[in-house]
Amino acid sequence: MSALPESLAEIVEDFAAVEGQDKLQLLLEFSRELPPLPEHLAQDAMEPVPECQSPLFLSVDATDPARIQLYFSAPPEAPTTRGFASILAQGLDGLSAQEILDVPDDFYSALGLSDAVSPLRLRGMSAMLARIKRHLR
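Residues numbered from 1 in each chain as written. Predicted model: local features only at pLDDT ≥ 70, side-chain atom pairs only at ≥ 80, totals over all residues. Heavy atoms only, no water.

A. Looking closely at the packing of helix α1 (residues 6-16) against helix α3 (residues 79-92). For the pair α1 and α3, interaxial distance at closest approach is 7 Å and the crossing angle is 135 degrees. Here α3 runs oblique to α1, going by the angle between their axes. Here α1 runs over α3; the crossing is right-handed. Where α1 approaches α3, its residues S7, L8, I11 and F15 are matched on the opposing element by I87, Q90, G91 and L92. Tallied by class, the residues present in the contact of α1 with α3 amount to 5 nonpolar, 3 polar and no charged. (Axes fitted to C-alpha atoms, helices over the stretch in contact; angles between N-to-C directions. Helix = DSSP H or I, 4+ residues; strand = E, 2+ residues; numbered from the N terminus. Parallel < 35°, antiparallel > 145°, perpendicular 65-115°, else oblique. Left-handed = near helix turned anticlockwise from the far one by under 90°. Contact = heavy atoms within 4.5 Å. Nonpolar A, V, L, I, M, F, W, Y, C, P; charged D, E, K, R; others polar.)

This is the structure in structure tokens:
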């Protein structure tokens, strides 16, 4: 796997340091850290990601290609989806467009969640990253 941006690599290392159910606990912790939407952004103005098992909306602000801003909205009762969104928010927000485009599409496999989370849920995370990249191309 090509080199990940430092912020995302640290998250991958955090997941690599724990096993089994502790990975799910860490994902739950990330779900609680998903930043709220700024006041200027309404969920209905955001792009839905229907591949996610739970409602998820995202917005990519590429006004400054050197500093991309990412926004996600997912309901509190969807901790897996919120956790994935939070991983992407914490790992990619503020990076340049090129740094995000260089992230391997399957980086999430390095999180080691395939035994704990269904393939459908993992596909949702892949779809989030794909949509972000589509906005940046």
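Having seen the structure, we can now continue with the description.
B. Seen up close, the packing of α3 against helix α5 (residues 119-136). Interaxial distance between α3 and α5 falls to 10 Å at its minimum, and their mutual angle equals 35 degrees. In the crossing of α3 with α5, the sense of the turn from one axis to the other is right-handed. Here T80, T81, F84, A85, I87, L88 and L92 of α3 lie close against α5, whose contacting residues are R121, L122, M125, M128, L129 and I132. Taken together, the residues that form the contact of α3 with α5 break down as 10 nonpolar, 2 polar and 1 charged.

C. Seen up close, the packing of aromatic side chains. Tallied over the entire structure, the rule returns 2 aromatic pairs. Seen from their ring centres, F15 and F30 are 5.7 Å apart, and the 25 degrees between their planes marks the pair as stacked. Here F15 is found in helix α1, whereas its partner F30 is found in helix α2 (residues 21-32), with 15 residues between them in sequence. You'll find F15 and F30 in the same group, each marked buried. A ring pair is formed by F107 and Y108, whose centres lie 6.4 Å apart and whose planes are at 80 degrees; its orientation type is edge-to-face. Under the relative-accessibility criterion, F107 is labelled buried at 1%. Of the residues examined, Y108 reaches a relative accessible area of 18% and is grouped as buried. (Phe/Tyr/Trp six-rings, centres within 6.5 Å; stacked < 30°, edge-to-face > 60°. Buried < 20%, exposed > 50% of the residue type's maximum accessible area, 1.4 Å probe, protein only.)

Just distances and angles here, no functional claims.
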